[in-house]
Amino acid sequence: MKIFISADIEGTCGIVADAEANPDMPRDYGTFSQRMTREAAAACRGALAAGASGILVRDAHGPARNIDPAGLPEGVNMLRGWTGDPLVMMSGIDEAPYDAAFFTGYHAWAGSGGNPLAHTINGQNEYILINGQQASEFLINAYTAAYYHVPVVMITGDDAICAYAREIVPAITTVAVHRTRGGGVFALHPADAEKQIQASAEAALGRREDCRLQLPERFDVSVRFRRQQVAYAKQFYPNARLTDSKTVSFSSDDWYEVLRFFHFVL
């Protein structure tokens, strides 16, 4: 049983400020890069306890060089750095026939109030719509997993993204490590978060067939940019169109073509 883990930082236990996710602010960032490492490691331990024979952890935040590989269990492989392909946070999932995926440290989406650090992909956009729904990184990456026939069986992060994930994949296992009030969060103790993640990862793998996601037959996508100058420039991607001064839209029957659009426009 092979497991793919996509690890982010803005949904790690207790994180609340941009500086805590920014490698250029080492005093703040150091604590939460360690939290990111420890939460990914807890997911790995749960997968190993459930019988996983191979695990790939994809470091999927910022420079993609946040997780300390030595903090993961022996035998776990990592993908660090950005490969440059359209899979982005899911790079590597096309390398092997994975049986399940975990998302750790995930967060609320652009246009929501579920996390002080809420965004989708980057800070250039106010929100992204996929078939009329505000898109999170969870939705985008769950669709990518489904494209490669991999069920996403567990997500950890803020309570908003956990609730969102259950709407998309009702059988998914969720671990809400904190909940938001305005610009603050009520957080679990980090050790408690790790224990819950490990136990949940082990249990989630027994329900992986219930977590398979059916891709829509068509994708109508809109990106609402913060600045009209950016939207104007991005409309020139092939088959994209400017639908108002700040919104660029794109449609396709092929999810990979949507990923290609995101890759070059965002």
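The structure displayed is predicted, hence computed values, not measured ones.

For this particular structure, what's the right way to read the overall build of the protein?
A count of helices and strands for the protein gives six helices and 12 strands. Taking the principal axes of the C-alpha coordinates as reference, the protein spans close to 50 × 40 × 30 Å. For the protein, the residues scored as buried account for 53% of the 266 residues in total. For the protein, the proportion of contacts with a sequence separation of at least 24, taken over those separated by at least 6, is 65%. Just so you have it, the protein exposes about 11200 Å², and 47% of that area is on carbon and sulfur atoms. Averaging the positions of the 23 positive and the 30 negative side-chain charges in the protein gives two centres separated by 3 Å.

Looking at this structure, how should I read the layout of surface pockets?
Over the atoms rolls a probe the size of a water molecule, and its path tells where empty space is left. Of the volumes computed, that of the largest pocket is approximately 660 Å³. Secondary-structure elements contributing two or more residues to the lining of the largest pocket are α2 (137–147) and α6 (255–265). When grouped by side-chain class, the residues that make up the lining of the largest pocket number 16 nonpolar, seven polar and five charged.

Explanation requested: a nonpolar patch on the surface in the structure shown.
Together, Tyr232, Phe236 and Leu242 make up an exposed nonpolar region whose accessible area comes to about 330 Å². The topology assignment puts tyrosine 232 in helix α5 (residues 228–234).

In this structure, what is going on with the nonpolar core? I would like to understand it.
Where a protein is soluble and globular, its nonpolar side chains tend to be buried together. Judged by nonpolar contacts, the single largest core of 84 residues is most densely connected at Phe102, Ile130, Phe138, Phe261 and Phe262. Not counting residues within four places of it along the chain, the set of residues in contact with phenylalanine 261 comprises Val221, Val223, Tyr237, Ala240, Val248, Phe250 and Leu266.

Sorry if this is basic, but what is going on with the sheet that holds strand β4 (residues 100–106) here?
Two modes of strand pairing occur in sheets, parallel and antiparallel, and in both the strands are linked by backbone hydrogen bonds. What the seven strands build is an open sheet, ordered β3-β2-β1-β4-β7-β8-β9; its pairing is mixed. The strands lining the two open edges of the sheet, one partner per strand, are β3 (77–79) and β9 (184–187). The average angle at which neighbouring strand axes cross in this sheet is 20°, direction not considered. Where β4 lies against strand β7 (residues 152–158), four bridges are found, and the strand directions are parallel. Among the inter-strand pairings, phenylalanine 103 is bridged to a residue of β7, identified as isoleucine 155. Seen against the sheet, α2 touches β4 and β7 and runs at an angle of roughly 165° to β4. Those strands touched by helix α4 (residues 190–204) are β4, β7 and β8 (173–181), and its axis lies near 150° from that of β8.

Just to check I follow, could you spell out the packing of aromatic side chains for this structure?
Given two aromatic rings, their pairing is described by the distance between the two centres and the angle made by the two planes. Summed over the entire model, instances satisfying the criterion amount to 17 aromatic pairs. A centroid spacing of 6.2 Å and a plane angle of 35° characterise the contact between tyrosine 147 and tyrosine 256, whose relative ring orientation is tilted. Highlighted residues: tyrosine 147 in helix α2 and tyrosine 256 in helix α6, separated in sequence by 109 residues. Among the residues examined, tyrosine 147 registers a relative accessible area of 29% and is labelled partly exposed. Judged by centre distance (5.0 Å) and plane angle (55°), the ring pair of phenylalanine 219 and tryptophan 255 falls under tilted.

When you look at the pattern of salt bridges in this model, what are you seeing that I'm missing?
Side chains that carry opposite charge are capable of pairing whenever their charged atoms lie near each other. This model, assessed by the stated rule, comprises 10 salt bridges. One salt bridge connects aspartate 244 with arginine 224, and the closest N-O pair in it is separated by 2.8 Å. Placement of aspartate 244 in strand β11 (residues 241–244) and of arginine 224 in strand β10 (residues 219–225) is noted, with a sequence separation of 20 residues between them. Classification of aspartate 244 as partly exposed rests on a relative accessible area of 35%. It is possible to trace a salt-bridge network through shared partners that takes in Arg35, Arg38, Glu39 and Glu194.

Is there a simple way to explain unusual backbone geometry in this structure?
Note: most peptide bonds trans; most residues except glycine with negative phi. Backbone geometry at histidine 149 places phi at a positive 65°, although glycine is not the residue there. Mapped onto the secondary structure, histidine 149 falls in the loop between α2 and β7. At asparagine 239, a residue that is not glycine, the phi angle is positive and equals roughly 70°. Take asparagine 239: it is sitting in the loop between α5 and β11. For asparagine 239, a relative accessible area of 66% puts it in the exposed group.

Procedures and definitions
- Residues numbered from 1 in each chain as written.
- Predicted model: local features only at pLDDT ≥ 70, side-chain atom pairs only at ≥ 80, totals over all residues.
- Heavy atoms only, no water.
- Helix = DSSP H or I, 4+ residues; strand = E, 2+ residues; numbered from the N terminus.
- Buried < 20%, exposed > 50% of the residue type's maximum accessible area, 1.4 Å probe, protein only.
- Contact = heavy atoms within 4.5 Å.
- Areas by Shrake-Rupley, 256 points an atom, 1.4 Å probe, with all protein chains shown as cover.
- Lys, Arg positive; Asp, Glu negative; His and termini not counted.
- Charge placed at Lys NZ, Arg CZ, Asp CG, Glu CD.
- 1 Å grid on protein atoms, 1.4 Å probe; cavity = no way out; pocket = protein on both sides within 12 Å on 5 of 7 lines; lining within 4 Å.
- Points joined across faces, edges and corners; volume = space filled by probe spheres on them.
- Nonpolar A, V, L, I, M, F, W, Y, C, P; charged D, E, K, R; others polar.
- Patch = residues over 30% accessible without salt bridge, like charges linked within 9 Å, V, L, I, M, F, W, Y side chains within 5 Å.
- Salt bridge = Lys/Arg side-chain N within 4 Å of Asp/Glu carboxyl O.
- Core = buried A, V, L, I, M, F, W, Y, C linked by side-chain atoms within 4.5 Å.
- Pairing = 2+ DSSP bridges.
- Axes fitted to C-alpha atoms, helices over the stretch in contact; angles between N-to-C directions.
- Phe/Tyr/Trp six-rings, centres within 6.5 Å; stacked < 30°, edge-to-face > 60°.

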